[in-house]
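Take a look at the letters that make up each chain.
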Amino acid sequence: MDKKTKDIRDLSLDEINHFITQQGEKAFRAKQIDQWLWKNGAREWNDMKNIPNNLLEKLSENFHFKSLSTLTHIVSTDGTTKFLFETHDKKHIEGVLIFSRDRVTACISTQIGCALNCGFCATGKLGLYRDLSAGEIFDQIILMNEHLISISKRAITNIVVMGMGEAFLNFENSMKALEKITLPKYLGMSPRRITVSTAGVADGIRKFADLNSGMHLALSLHTADETLRREIMPVTKSNPFNEIIDALKYFHQKTGERITMEYLLLKDVNDSLEQAKALAEFCKNFPVKINIINYNSTDEADFKASSEEQKNRFVKFLESKNIIVNIRASKGDDIAAACGQLALKNKK
Ligand code: SF4
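Remember, it's a predicted structure, so these values are computed and weren't measured experimentally. (Residues numbered from 1 in each chain as written. Predicted model: local features only at pLDDT ≥ 70, side-chain atom pairs only at ≥ 80, totals over all residues. Heavy atoms only, no water.)

A. Spatial organisation of the pattern of salt bridges. What the rule picks out here adds up to 15 salt bridges. With its nearest N and O atoms 3.0 Å apart, the salt bridge here joins glutamate 136 to arginine 130. Residue glutamate 136 is classed as buried on the basis of its relative accessible area of 1%. Salt-bridge contacts for aspartate 268 lead to lysine 267; the nearest nitrogen and oxygen are separated by 4.0 Å. Judged by relative accessible area, which is 66%, aspartate 268 ranks as exposed. (Salt bridge = Lys/Arg side-chain N within 4 Å of Asp/Glu carboxyl O. Buried < 20%, exposed > 50% of the residue type's maximum accessible area, 1.4 Å probe, protein only.)

B. Representation of the nonpolar core. Membership of the largest hydrophobic core comes to 103 residues, with the highest contact counts inside it found for Met48, Phe168, Leu248, Met261, Phe282, Ile290 and Leu318. The element best represented in this core is helix H4 (residues 134–152), accounting for eight residues. Counting contributing residues, this core receives three or more from each of domain 1 (6–64) and domain 2 (69–347). Isoleucine 290 has contacts with Met261, Tyr263, Leu279, Cys283, Leu318, Ile323, Ile324, Val325 and Asn326, leaving out every residue within four places of it along the chain. (Core = buried A, V, L, I, M, F, W, Y, C linked by side-chain atoms within 4.5 Å. Helix = DSSP H or I, 4+ residues; strand = E, 2+ residues; numbered from the N terminus. Domains from an automatic or database assignment. Contact = heavy atoms within 4.5 Å.)

C. Representation of the domain arrangement of the protein chain. Along its sequence, the protein chain is carved into domain 1 (6–64) and domain 2 (69–347). Each of domain 1 and domain 2 has a C-alpha centre, and these two points are 34 Å apart. Counting residues at the interface gives eleven residues for domain 1 and 14 residues for domain 2. Summing the contributions of domain 1 and of domain 2, the shared interface buries around 1100 Å²; its carbon and sulfur component is 49%. Here domain 1 and domain 2 share two salt bridges between them. Of the charged contacts in the structure, one is a salt bridge between arginine 43 and glutamate 146, with a shortest N-O distance of 3.5 Å. (Buried area = accessible area lost by both parts, 1.4 Å probe.)

D. View of the packing of helix H5 (residues 171–182) against helix H6 (residues 202–211). As a packed pair, H5 and H6 sit with axes 12 Å apart at the nearest point and diverge in direction by 30°. Overall, the two elements H5 and H6 adopt an arrangement that is roughly parallel. Here the hand of the crossing between H5 and H6 comes out right-handed. On the side of H5, the interface is formed by Phe171, Glu172 and Met175, while H6 contributes Gly204, Lys207, Phe208 and Leu211. (Axes fitted to C-alpha atoms, helices over the stretch in contact; angles between N-to-C directions. Parallel < 35°, antiparallel > 145°, perpendicular 65-115°, else oblique. Left-handed = near helix turned anticlockwise from the far one by under 90°.)

E. Spatial organisation of unusual backbone geometry. If you check the backbone angles, lysine 153 has positive phi at about 60° while not being a glycine. Within the secondary structure layout, lysine 153 lies in the loop between H4 and strand S9 (158–161).

F. Quick look at the site of the ligand. Close to the ligand lie ten residues; Cys114, Cys118, Cys121, Gly124 and Gly165 are nearest. Considered class by class, the residues forming the shell around the ligand number six nonpolar, four polar and no charged. (Near = heavy atom within 4 Å. Nonpolar A, V, L, I, M, F, W, Y, C, P; charged D, E, K, R; others polar.)

G. The pairing of strand S3 (residues 69–75), seen in detail. Pairing geometry for S3 and strand S4 (residues 81–86), over six bridges, is antiparallel. Looking at the pairing, valine 75 lines up with threonine 81 of S4. Connecting S3 to the antiparallel partner S4 that follows it, the hairpin turn spans five residues, and glycine 79 within it adopts a positive phi of roughly 95°. (Pairing = 2+ DSSP bridges.)

H. Main features of the pairing of strand S13 (residues 288–294). Direction of pairing for strand S12 (residues 259–265) relative to S13: parallel, over a ladder of seven bridges. The partner of threonine 260 across the bridge, within S13, is lysine 289. Between the parallel elements S12 and S13, the chain passes through helix H10 (residues 273–282) in a crossover that is right-handed. (Right-handed = clockwise from strand over helix to strand, strands pointing away.)

I. Geometry of the sheet that holds S3. Strand order in the open sheet formed by ten strands is S3-S4-S5-S6-S9-S10-S11-S12-S13-S14, with mixed pairing between adjacent strands. Strands at the two margins of the open sheet, each flanked by one partner only, are S3 and strand S14 (324–328). Shown here is a sheet whose adjacent strand axes are inclined to one another by a mean of 25°, direction ignored. Where S4 and strand S5 (residues 92–100) come together, six bridges link them in antiparallel fashion. If you follow leucine 84 over to S5, its bridge partner there is glutamate 94.

J. Seen up close, the packing of aromatic side chains. Here the structure, examined in full by the defined rule, presents eleven aromatic pairs. Taken together, a centroid distance of 5.1 Å and an interplanar angle of 35° make the contact between tyrosine 263 and phenylalanine 314 tilted. Here tyrosine 263 is found in strand S12, whereas its partner phenylalanine 314 is found in helix H11 (residues 308–320), with 51 residues between them in sequence. As far as the burial class goes, tyrosine 263 and phenylalanine 314 line up, both buried. Pairing phenylalanine 282 with phenylalanine 286 gives two aromatic rings, centres 6.2 Å apart and planes at 70°, and the pair type is edge-to-face. Its relative accessible area of 5% is what places phenylalanine 282 among the buried residues. The class for phenylalanine 286 is buried, based on a relative accessible area of 5%. Three or more aromatic residues link up through ring pairs in this structure, and these residues are Phe168, Phe171, Phe208 and Phe251. Lying across the ring of tryptophan 38, arginine 9 places its NZ or CZ 6.0 Å from the centre. (Phe/Tyr/Trp six-rings, centres within 6.5 Å; stacked < 30°, edge-to-face > 60°. Lys NZ or Arg CZ within 6 Å of the ring centre and 35° of its normal.)

K. The arrangement of the state of the cysteines in detail. The tally for this structure, following the rule as stated, stands at zero disulfides. For cysteine 283, which is in no disulfide, the shortest distance to another cysteine sulfur is to cysteine 118 and amounts to 18 Å. For cysteine 283, a relative accessible area of 7% corresponds to the buried category. (Disulfide = S-S within 2.5 Å.)

Dropping the structure here:
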């Protein structure tokens, strides 16, 4: 019978230490293993070069090593690179590298599929299969960084947690992975270069605020009209605006941070002047910046991208209210770079 119950990366350093000493091994081996797991990005037992074979055998007899592998990657004409990763149980998730002049931003996933079923999102059509482990979230960064270094000698400079899934509904694993990515003794990336996005899970926003991690927060708002948002983002039914606003105020009080509002402009849905007014009103509650995102049409959704003219009108109104607005150029249109599109195609 398989006596393995846990993935090695679900163990704390203390637990690894306990196992090592129980086996009659020297305690310093635990630290070495920990470094292999979270600093050097080992994804299989044999990667741990300075660990003796007999100890590797004992580890592999007692623990799983559930790492990700890259199934494929596709490069867009604008350089955006989308990765399809395979989990140990043969499920598929996505990660994306987005290039701008001085940055390479990695977008990572936290769940296989998503339960929130936002109307404009291909991942929502997949439903939720399961949460990703901290190791699987971490692996996306390791794999994309290895690829990036191999092609350009550059490394990832920024991370957005905005791929498949809702990070705050897999809070512990997402935060554990981000802790490993930011701690100086592991990957040591500055938390100031990381943004975690939520569809509006109020309770998660409060927990994230309490961590005061230095990471940024983005709300995928997409409309400030609550009735419409209940339709296109059903998460609003269990997280009404008053709760989301209170949680965002709390986040700002705790951290002093400006909050990013992500706003996907959808033709004739949320791009009217009325909608812009509602958005400006919503944003009165805390310092914000708004990212206007062009919509990547999917075959599955009924939405279309707004016209340039409508977009300009919308943005002008917000700017007239002294709100910081960035327009995000649509990246990777030709490779289905919007969240969940590749995994959905693969599933079909
Ligand atoms: S937009 Fe995000 S929260 Fe909404 S269904 Fe897609 S992955 Fe889930």
